[in-house]
Amino acid sequence: MAEATLQSQTRADEAFDCLQTAIVTGELGPGEKIGELELCSRFNLTRGPLREALGRLESRGLLVRRPHAGVKVVSVSASELLELYRIREVMEGLAARQAAERMTDEEIAELQATLDSHEAMIEQAQGQAYYQAEGDYDFHHRIATGSRNAKLAQMLLGDLYYMVRMYRYRLSTSAGRPHLALGEHRRIVEAIAHRDGELAEFLMKRHINAARQNIEKKIEEGVLTI
């Protein structure tokens, strides 16, 4: 019985990871209607694990369920997305400042090693994409947890984190953006390593402001449709 339960949970986890990645990378696009039969066929899933995965994705704010309309991938308007980035700019700037004050030397070394692996991934993608898995492999996630500010991390790593990841990936495929973003990440880590909280905050805010300006440009050009 215990083994069967574990196998069922493993299948549910696999279904969850599969669908979350599909949402983040845009394979399942914002506003796209989700049907169980189609998903089972498309991603080779079974109904039980799929339903559990859909519930978890809904709780993370990546799916929305409306009466008579079914389940859809979450979407935001252009103005809402830009406001999310303005919120991130302030909050992640503070997280970077506090990370410079509170991260251990070992954590900073691990963060630098994470960026080395990101560089290898970008090169493998021939500079065309910068995809970061969630959790410790994600630069912004590490900064938030490294701030040692539980309330701030809770706000940054809640629904805001998962929703923004959808758009971060789509924007990371812009020509030249992956290498630029990696360079910005490295300069932020250098400031953190030198325990310069003021500079770390400034660089993080500038980094996210540049991403927001990139969004505005792509919306104006019609390249990014929301």
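Residues numbered from 1 in each chain as written. Predicted model: local features only at pLDDT ≥ 70, side-chain atom pairs only at ≥ 80, totals over all residues. Heavy atoms only, no water.

Let's talk about the confidence of the model for the protein chain
Here the protein chain averages 86 in pLDDT, while 87% of its residues score no lower than 70. By mean pLDDT, the top-scoring element of the protein chain is helix α4 (residues 78-102) (95), and the lowest-scoring one is helix α1 (residues 2-25) (75). Across residues 1-6 the pLDDT falls below 50, and counting only partners more than four positions away or on other chains, this stretch makes 0 contacts in the model. (pLDDT = per-residue confidence, 0-100. Helix = DSSP H or I, 4+ residues; strand = E, 2+ residues; numbered from the N terminus. Contact = heavy atoms within 4.5 Å.)

Digging into the packing of aromatic side chains
Any two aromatic rings considered together are summarised by their centre-to-centre distance and by the angle between their planes. Taken as a whole and assessed by the stated rule, the structure comprises 1 aromatic pair. Ring geometry for Y161 versus Y162: centroids 5.0 Å apart, planes at 80°, classification edge-to-face. Under the relative-accessibility criterion, Y162 is labelled buried at 12%. Positioned over the ring face of Y85 is R88, at 4.9 Å from the centre of the ring. (Phe/Tyr/Trp six-rings, centres within 6.5 Å; stacked < 30°, edge-to-face > 60°. Buried < 20%, exposed > 50% of the residue type's maximum accessible area, 1.4 Å probe, protein only. Lys NZ or Arg CZ within 6 Å of the ring centre and 35° of its normal.)

Notes on the pairing of strand β2 (residues 63-66)
The pairing of β2 with strand β3 (residues 70-73) spans 4 bridges and is classified as antiparallel. Considered in β3, the bridge of L63 is made with V73. (Pairing = 2+ DSSP bridges.)

A look at the sheet that holds β3
Remark on secondary structure: sheet strands pair via backbone hydrogen bonds, oriented parallel or antiparallel. Strands sit in the order β1-β3-β2 across an open sheet of 3 strands; the sheet is antiparallel. The open sheet has two free edges, formed respectively by β1 (33-34) and β2, since each of these has just one partner strand.

Here's the deal with the side chain of H207
Within the secondary structure layout, H207 lies in helix α10 (residues 197-221). Its relative accessible area of 6% is what places H207 among the buried residues. Within polar-contact distance, the side chain of H207 engages the side chain of H140 at 3.4 Å. Polar contacts involving the side chain of H207 include one to the side chain of E184, which spans 2.4 Å. Setting aside its immediate chain neighbours within four residues, H207 contacts H140, R177, A181, E184, H185 and I188. (Polar contact = N/O pair within 3.5 Å; in protein donor to acceptor, adjacent residues only side chain to side chain.)

Digging into helix α2 (residues 36-43)
Within the sequence span of α2, burial applies to L39, C40 and F43. Along the axis of α2, the buried residues cluster in a sector spanning 100°; they form a single face. In α2, the exposed residues that point more than 90 degrees away from the buried face are L37 and S41. (Arc of directions from axis to C-beta.)

Focus: helix α6 (residues 139-146)
α6 sits mainly inside the fold: 7 of its 8 residues count as buried. Restricting attention to buried positions, one finds in α6 the residues F139, H140, H141, R142, I143, A144 and G146. If you check the start of α6, you find a side-chain oxygen 3.0 Å away from the backbone N of H140, and it comes from D138. R148, located one to two residues past α6, shows a positive phi value of around 60°.

What to know about the environment of R102
Along the chain, R102 turns up in helix α4. Along the backbone, R102 and G197 are 95 residues apart, and their C-alpha atoms lie at a distance of 9.8 Å. Sequence-distant contacts of R102, defined by excluding residues within four places in its chain, comprise E107, G146, S147, R148, N149 and R195. Engagement of the side chain of R102 in a polar contact is seen with the backbone oxygen of S147, the distance being 3.1 Å. Only 3.5 Å separates the side chain of R102 from the backbone oxygen of R148, close enough to count as a polar contact.

Focus on the pairing of β3
In the sheet, β1 pairs with β3 via 2 bridges, with the strands oriented antiparallel. Each bridged residue has a counterpart across the sheet, and for K33 the counterpart in β3 is K72. Counting the residues that bridge the hairpin from β2 to β3 gives 3 residues, and of these H68 lies at a positive phi of roughly 70°.

Some remarks on the nonpolar core
Counting 61 residues, the largest nonpolar core has L19, L28, I143 and I192 as its most contacted members. Counting residues per element, this core draws most heavily on α4, at 9 residues. Non-local contacts of L28, meaning those with residues more than four positions away in its chain, are made with L19, A22, I23, I34, L39, R42, F43 and V73. (Core = buried A, V, L, I, M, F, W, Y, C linked by side-chain atoms within 4.5 Å.)

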